Amino acid sequence: MNFKFLIITLVSVSFLFSCKDKKTRTDSGYDFRFVTRGSGEEAKEDTYVYFTLKIVDENGKVLQTMDEGPNMPIMFLPKDTASNEAPNPVLDVLKETRVGDVVVLIMPVDSIPN
């Protein structure tokens, strides 16, 4: 009886983790996933969004951190983007977020604009 309960529990836990780590793709073709979903207000178009940012290499080494204070990034979320503008995966992800979200955006280094 305990063995059955353990199997059901393991299947349930693995199902929860597999759902949580689901990747999503931006309109510009970059993969991202939500690590944590916040419960705050959703990002609204035609407003400015403050966010924190860590740039990490494939081994997990933090290359750059932008957070509180003068280094805190801010981005305007336009309602419509011009069709001739270069894709912006950060903007695409921010439009999907809410206050408290933690998101991982997978973006090759050679695709980051100078």
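A quick note: this is a predicted structure, and the numbers were derived from the prediction, not measured.

How each quantity is defined
- Residues numbered from 1 in each chain as written.
- Predicted model: local features only at pLDDT ≥ 70, side-chain atom pairs only at ≥ 80, totals over all residues.
- Heavy atoms only, no water.
- Helix = DSSP H or I, 4+ residues; strand = E, 2+ residues; numbered from the N terminus.
- Buried < 20%, exposed > 50% of the residue type's maximum accessible area, 1.4 Å probe, protein only.
- Areas by Shrake-Rupley, 256 points an atom, 1.4 Å probe, with all protein chains shown as cover.
- pLDDT = per-residue confidence, 0-100.
- Contact = heavy atoms within 4.5 Å.
- Salt bridge = Lys/Arg side-chain N within 4 Å of Asp/Glu carboxyl O.
- Lys, Arg positive; Asp, Glu negative; His and termini not counted.
- Polar contact = N/O pair within 3.5 Å; in protein donor to acceptor, adjacent residues only side chain to side chain.
- Patch = residues over 30% accessible without salt bridge, like charges linked within 9 Å, V, L, I, M, F, W, Y side chains within 5 Å.
- Pairing = 2+ DSSP bridges.

A. Up close: the overall build of the protein. Tallying secondary structure elements over the protein gives two helices and seven strands in all. The linear arrangement of helices and strands in the protein, starting from the amino end, is α-β-β-β-β-β-β-α-β. Each of the 114 residues in the protein was classed as buried or not, and the buried ones make up 15%. Roughly 9100 Å² of accessible area belongs to the protein as shown, and the carbon and sulfur atoms make up 56% of that amount.

B. Here's a closer look at the confidence of the model for the protein. Of all residues in the protein, 72% have pLDDT values of 70 or greater, and the mean over the chain is 75. Here residues 1-20 is a poorly scored stretch, pLDDT under 50, and it has two contacts once near neighbours within four places are set aside; other chains count.

C. Layout of the pattern of salt bridges. In this structure the tally under the stated criterion is four salt bridges. The partner of D31 in a salt bridge is R25, with the nearest N and O atoms 2.9 Å apart. The class of D31 is partly exposed, set by a relative accessible area of 22%. Taking relative accessible area as the criterion, R25 reaches 53% and is therefore assigned exposed. Residue R98 pairs with E42 through a salt bridge whose shortest N-O separation is 2.8 Å. In this pair, R98 sits in the loop between α2 (89-94) and β7 (102-105) while E42 sits in the loop between β2 (31-36) and β3 (47-50), placing the two residues 56 residues apart along the sequence.

D. Structural context of the side chain of D92. Turning to its location among the elements, D92 is positioned in helix α2. With no salt bridge to any partner, buried D92 finds its closest opposite charge in K95, at an N-O distance of 5.6 Å. A polar side-chain atom of D92 sits 2.8 Å from a polar atom in the side chain of S28. Setting aside anything within four residues of it in sequence, one finds D92 in contact with T26, D27 and S28.

E. Structural context of a nonpolar patch on the surface. The grouping of Y48, Y50, I74 and F76 at the surface amounts to a nonpolar patch, some 470 Å² of accessible area in total. Counting only elements with at least two residues in the nonpolar patch, the list comes to β3 and β6 (74-77). Within the secondary structure layout, Y50 lies in strand β3.

F. Fine view of the environment of G29. Along the polypeptide, G29 turns up in the loop between β1 (23-25) and β2. Taking C-alpha positions, G29 is 9.8 Å from M107, a pair spaced 78 residues apart along the chain.

G. View of the pairing of strand β5 (residues 62-66). Relative to β5, strand β4 (residues 53-56) is paired through four bridges, and the arrangement is antiparallel. Along β5, the bridge assignment pairs L53 with M66. The loop that links β4 with its antiparallel partner β5 comprises five residues; one of these, G60, has a positive phi angle of about 90°.

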